[in-house]
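# Structural characterization, general
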Amino acid sequence: MQKDIRICFIGDSFVAGVGDEQALGWSGRLCREANLASSQVTYYNLGIRRNTSVDVLNRWQAECEPRLPGSCDGRIVFSFGVNDTSIEDGQPRVAFDASVLAMQKVLTAAKAYSPILVGPPAVANSAQNGRIELLSKAYKQAASEMSVPFIELYSHLSQDQAYQESVANFDGSHPRQAGYNKMASIIAESGKG
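Below: a short report on this structure. Everything quoted here is computed from the prediction, not taken from an experiment.

## Observations concerning the packing of helix α3 (residues 53-64) against helix α4 (residues 96-109)
Contact geometry of α3 with α4 gives a least axis separation of 8 Å together with a crossing angle of 25°. Taken together, the axes of α3 and α4 are roughly parallel relative to one another. Read as a crossing pair, α3 and α4 show a hand that is left-handed. Two secondary-structure elements touch here, α3 through S53, V54, V56, L57 and W60 and α4 through S99, A102, K105, V106 and A109. In terms of residue class, the contact of α3 with α4 is made up of seven nonpolar, two polar and one charged.

See the structure below:
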């Protein structure tokens, strides 16, 4: 009998896979590979475009708890942060300290689900990338202090010319399918360590 493994992927448009011609994003690719390798996984893509850390904090329980009953092996993968660093009205949408605090609250409340945090990816805007890099480092430090696995994307993707060109040639934020393949590969490799 197969184990009932269910995973909620919750976060922003990168979780949703915006820009991916195959409509899988990195989460769909990871679960497709797991299912092909005979680990049957039920996955829920709960990515919402423009969601910030605060948005995820406010919605994750209501969306994940019905999908992860106590009878299953329920897990959650969180990924957010890029939208926190977007500038609106001259300020980041979520202040740096508030973003880190929201992330800590999310991971603390989700501890029973063995959460994993996937860091925010790079975009095609150098000023925003500076903010993303700082936030990614802070998330990594805070997750480490909480003993929550953190998978860092920013440094890999900010240095990848093909990824950066894909983002710049699409909408300035999201990659196309090759970029999501790259993300899935980084996450899969990190999970092996």
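Anyway, onward from the coordinates.
## Looking at the state of the cysteines
The tally for this structure, following the rule as stated, stands at zero disulfides. With no disulfide of its own, C8 has C64 as its nearest cysteine by sulfur position, at a separation of 3.9 Å. With no disulfide of its own, C31 lies 10 Å from the sulfur of C8, the closest cysteine sulfur. The exposure class of C31 is buried, given its relative accessible area of 3%.

## Focus on helix α7 (residues 161-170)
Since one α-helical turn is 3.6 residues long, residues separated by three or four positions face the same way. Restricting attention to buried positions, one finds in α7 the residues Y163, Q164, S166 and V167. Taken around the axis of α7, the buried residues stretch over an arc of 160°, which confines them to a single face. In this structure, α7 carries Q161, A162 and N169 as exposed residues pointing more than 90 degrees from its buried face. At the N-terminal end of α7, a side-chain oxygen is found 3.1 Å from the backbone nitrogen of A162, two or three residues along, and the residue is D160.

## Remarks on the sheet that holds strand β6 (residues 116-118)
The strand order across the open sheet formed by five strands is β2-β1-β3-β6-β7, and the pairing between neighbours is parallel. Every other strand in the sheet has two partners, leaving β2 (41-47) and β7 (150-151) as the edge strands with one partner each. Across two bridges, the pairing between β6 and β7 is parallel. Each residue of the ladder has a partner; that of L117, found in β7, is F150.

## Here we look at the pattern of salt bridges
Summed over all chains, the structure comprises twelve salt bridges. In this structure, K3 engages D73 in a salt bridge whose closest nitrogen and oxygen atoms are separated by 3.3 Å. Taken together, the residues K3 in the segment before β1 (5-11) and D73 in strand β3 (residues 73-79) connect sequence positions 70 residues apart. The salt bridge involving E33 is made with R32; its shortest N-O contact spans 3.4 Å. Look at the salt bridges and you will find they share partners, linking K3, D73 and R75 into a network.

## Some points on α3
Look at α3: 16 Å from first C-alpha to last across twelve residues, which is about the 16 Å you get at 1.5 Å a residue. Residues S53, V56, R59, W60 and C64 constitute the buried set of α3. Axial view of α3: buried residues confined to an arc of 135°, hence all on one face. Every exposed residue of α3 that faces more than 90 degrees away from the buried side is listed here: N58 and A62.

## Remarks on the environment of D12
Inspection of the secondary structure puts D12 in the loop between β1 and α1 (13-16). For the pair D12 and S53, spaced 41 residues apart in sequence, the C-alpha separation works out to 8.8 Å. In contact with D12, other than residues within four places in its own chain, are G47, I48, N51, S79, F80, G81, V82 and N83.

Analysis parameters
Residues numbered from 1 in each chain as written. Predicted model: local features only at pLDDT ≥ 70, side-chain atom pairs only at ≥ 80, totals over all residues. Heavy atoms only, no water. Axes fitted to C-alpha atoms, helices over the stretch in contact; angles between N-to-C directions. Helix = DSSP H or I, 4+ residues; strand = E, 2+ residues; numbered from the N terminus. Parallel < 35°, antiparallel > 145°, perpendicular 65-115°, else oblique. Left-handed = near helix turned anticlockwise from the far one by under 90°. Contact = heavy atoms within 4.5 Å. Nonpolar A, V, L, I, M, F, W, Y, C, P; charged D, E, K, R; others polar. Disulfide = S-S within 2.5 Å. Buried < 20%, exposed > 50% of the residue type's maximum accessible area, 1.4 Å probe, protein only. Arc of directions from axis to C-beta. Polar contact = N/O pair within 3.5 Å; in protein donor to acceptor, adjacent residues only side chain to side chain. Pairing = 2+ DSSP bridges. Salt bridge = Lys/Arg side-chain N within 4 Å of Asp/Glu carboxyl O. Expected span 1.5 Å × (residues − 1).

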